[in-house]
Amino acid sequence: MTVFQHNASGRNVVYWTGGTGEWDNDGNDGYHWVCDEKILGRHDSPTENDIALIKNDGFVKARPGPYWDASYRVHRLILGDEKTYGALWIAKSDLLVGEDIVLGPEYSSGEENYGFIRMDPGSFIKAENIYAGLRGTGQIFVNGGEIETDNMTVGVHSKANGYVHLSGHEELAEINCKKTAVIGDSGKGEVFVSQGGLFKADRLIVGKKSGSTGIVTVSGNDSKIKANSIEIGSKSENALMKLTAGGSSQSDTLYVGKDTGSKGAVSVSGKGSNVKTNCGHIGVLGDGSLNIMDGGSLILNKLYIASLEGGTGAVTVSGKESLLEVETGDTFLGYVGTGTMEISEEGLVRTSGNFYVGNSEISNGTVMVSGLGSRLETRDTFIGRYGNGK
């Protein structure tokens with residue numbers, strides 16, 4: 001087994017000896033931080049120059065106290081090791097990490113060696129990179145507060161499991177990834193956003209590499225995903241974004257089933273659940289599917305279903321008040337690949353531009369409208385523009 005290098009930078013590694021206690025030793029009856037096998041004295045705890053390693057089934061509380069403030073600084077934070085877990089609870093406090101936060105650095109079959117962070121309202125965490133499940137299991141529960149990071153990866157290596165739960169509870173609950181968020185890199189990653197939580201990233205990738213699993217669920221009014229670019233199934237065969245009960249996503253570009261061999265799916269269900277994007281690609285080089293049902297909606301300016309050769313895209317719109325609307329541009333069903341669209345049970349597809357079915361010489365497009373009240377509304381419809389359409 002390859003061991004994760006806790007101290008690759010040559011800095012002091014400060015270990016947690018086990019049990020439950022305060023981050024600041026002023027709040028502890030005993031001393032729980034150890035450096036070079038020496039117990040740190042009262043008033044001592046990890047500093048901004050140290051690597052803090054919470055292990056030995058330890059549970060650390062970072063919160064205000066009668067003799068210490070509510071701001072903590074470390075160079076790097078690691079939770080868990082190859083045999084034991086490490087947990088951190090942060091409440092009404094700031095945790096500023098100069099480099100990385102790593103939860104679940106090692107995989108070991110049968111061992112409870114996970115890393116865990118719980119955040120309560122009024123808390124703030126800042127780090128360059130966050131890895132939830134590096135080789136083992138990592139879990140982050142944000143019950144309020146804010147996380148700010150350049151990059152977040154959930155489920156890094158092939159045996160890793162990562163889980164992030166972001167829940168507002170009528171309080172600010174936000175994760176802000178200034179660069180890239182990867183949900184399922186080579187392992188399994190899952191993000192659940194509920195009760196008004198907001199997950200933001202410049203680029204969001206769900207299911208990055210072949211063999212990975214990536215799942216994002218957004219549920220409840222005011223719960224939202226926002227990104228410049230969203231990719232559901234970059235190379236993964238098992239990638240899903242699910243919006244329910246008023247959850248929403250907003251992006252400039254949406255790719256579903258991006259690369260060859262990938263399989264990505266987007267499900268939008270329930271009144272108020274919606275996806276808004278400028279340009280949507282359902283099945284680029286891979287297999288992409290979009291299912292809008294029970295009052296969900298997708299609103300965008302351009303839509304390409306089966307964008308490139310080898311890509312397959314399938315879109316279904318079913319149920320009363322279910323809507324797919326292209327506001328300004330054209331819709332291509334089978335742009336270069338093979339695309340299908342099914343409208344049923346009073347579903348509505350509406351485009352202000354033209355609707356092309358079988359756009360290129362090698363493309364295939366099929367549209368089906370069934371059931372009383374189901375509608376396809378377009379400016380002009382072209383069946384088999386240059387390819388095969390029906």
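Here the structure is shown first, and the text comes after it.
What you see is a predicted model, and the numbers here were worked out from it, not measured in a lab.

Trainee: Can you help me understand the overall build of the protein in this one?
Mentor: Broken down by element type, the protein carries zero helices and 38 strands. In terms of overall dimensions, the protein has C-alpha extents of about 80 × 40 × 30 Å along its principal axes. For the protein, buried positions account for 57% of its 390 residues. When contacts within the protein are restricted to residue pairs at least 6 apart in sequence, those whose partners lie at least 24 apart make up 74%. Per element, the accessible surface of the protein, about 15800 Å² overall, is 44% carbon and sulfur.

Trainee: Honestly, the pattern of salt bridges in this entry has me stumped. Any pointers?
Mentor: As a working rule, side chains carrying opposite charge can pair if their charged atoms are close by. According to the stated counting rule, one finds 14 salt bridges in the structure shown. A salt bridge links Lys200 to Glu174, with the shortest nitrogen-to-oxygen separation between them at 3.4 Å. Here the residue Lys200 occupies a position in strand 19 (residues 198-206), and Glu174 occupies one in strand 17 (residues 173-183), the gap between them amounting to 26 residues. Among the residues examined, Lys200 registers a relative accessible area of 25% and is labelled partly exposed. Salt-bridge contacts for Lys258 lead to Glu231; the nearest nitrogen and oxygen are separated by 3.2 Å. With Lys258 in the loop between strand 23 (248-256) and strand 24 (263-269) and Glu231 in strand 21 (residues 224-232), this residue pair connects regions lying 27 residues apart in the sequence. The class for Glu231 is buried, based on a relative accessible area of 2%. A single network of salt bridges, built from pairs that share partners, joins Arg76, Glu99 and Asp100.

Trainee: It is not clear to me how the nonpolar core should be interpreted in this structure. Could you clarify?
Mentor: Most often, soluble globular proteins keep nonpolar side chains buried together rather than apart. Grouped together as the largest cluster of nonpolar side chains are 76 residues, with contacts concentrated most on Trp23, Leu77, Leu88, Ile101, Phe199 and Leu324. The biggest single contributor to this core is strand 17, with five residues. Ile78, Val102, Leu134 and Val156 belong to the second-largest nonpolar core, a separate cluster that totals seven residues.

Trainee: Would you explain the pairing of strand 25 (residues 274-282) in this entry?
Mentor: Along any regular strand, the residues point their side chains to alternate faces of the sheet. Most of strand 25 sits out of view: seven of its nine residues are buried. Two elements, strand 25 and strand 27 (residues 297-300), share three bridges in a ladder whose sense is parallel. Across the sheet, the residue bridging to Asn274 is Ser297, located in strand 27. Of the pairings in the sheet, the one linking strand 25 to strand 28 (residues 302-305) comprises four bridges and is parallel in character. Counted as the bridge partner of His281 is Tyr304 from strand 28.

Trainee: Sorry if this is basic, but what is going on with unusual backbone geometry here?
Mentor: The residue Asp57 is not glycine, and still its phi comes out positive at about 55°. Considering the arrangement of structural elements, one finds Asp57 in the loop between strand 5 (51-54) and strand 6 (58-62). Although it is not a glycine, Ala306 adopts a positive phi angle of roughly 65°. Tracing the sequence through the fold places Ala306 in the loop between strand 28 and strand 29 (312-318). The exposure class of Ala306 is buried, given its relative accessible area of 0%.

Trainee: Can you walk me through a negative patch on the surface in this structure?
Mentor: Residues Asp294, Glu342, Glu345 and Glu346 make up a contiguous surface patch of negative charge. Considering the arrangement of structural elements, one finds Glu345 in the loop between strand 32 (338-344) and strand 33 (348-351).

Trainee: Explain the environment of Pro64 to me, please; I cannot follow it from the model alone.
Mentor: By secondary structure assignment, the location of Pro64 is in the loop between strand 6 and strand 7 (71-74). Linking Pro64 and Asp24, residues 40 residues apart in sequence, is a C-alpha distance of 9.4 Å.

Trainee: Got a minute to help me understand the packing of aromatic side chains in this structure?
Mentor: Geometrically, a pair of aromatic rings is defined through the distance of the ring centres and the angle of the planes. Under the counting rule described, the total for this entry stands at eleven aromatic pairs. Seen in terms of ring centroids, Phe116 and Phe141 are 5.6 Å apart; in terms of plane orientation they differ by 40°. Their pairing is tilted. Pair noted here: Phe116 is in strand 12 (residues 115-119) and Phe141 is in strand 14 (residues 137-142), with a separation of 25 residues, a long-range link. Classification of Phe141 as partly exposed rests on a relative accessible area of 23%. Aromatic pair Phe332 and Tyr335: ring centres 4.9 Å apart, planes at 75°, arrangement edge-to-face. Residue Phe332 is classed as buried on the basis of its relative accessible area of 10%. When its relative accessible area of 28% is taken as the criterion, Tyr335 is described as partly exposed. The side chain of Lys258 reaches across the aromatic face of Tyr255, ending 4.9 Å from its centre.

Cut-offs applied
- Residues numbered from 1 in each chain as written.
- Predicted model: local features only at pLDDT ≥ 70, side-chain atom pairs only at ≥ 80, totals over all residues.
- Heavy atoms only, no water.
- Helix = DSSP H or I, 4+ residues; strand = E, 2+ residues; numbered from the N terminus.
- Buried < 20%, exposed > 50% of the residue type's maximum accessible area, 1.4 Å probe, protein only.
- Contact = heavy atoms within 4.5 Å.
- Areas by Shrake-Rupley, 256 points an atom, 1.4 Å probe, with all protein chains shown as cover.
- Salt bridge = Lys/Arg side-chain N within 4 Å of Asp/Glu carboxyl O.
- Core = buried A, V, L, I, M, F, W, Y, C linked by side-chain atoms within 4.5 Å.
- Pairing = 2+ DSSP bridges.
- Patch = residues over 30% accessible without salt bridge, like charges linked within 9 Å, V, L, I, M, F, W, Y side chains within 5 Å.
- Lys, Arg positive; Asp, Glu negative; His and termini not counted.
- Charge placed at Lys NZ, Arg CZ, Asp CG, Glu CD.
- Phe/Tyr/Trp six-rings, centres within 6.5 Å; stacked < 30°, edge-to-face > 60°.
- Lys NZ or Arg CZ within 6 Å of the ring centre and 35° of its normal.

Remember, this is a structural readout, not a statement about activity or role.
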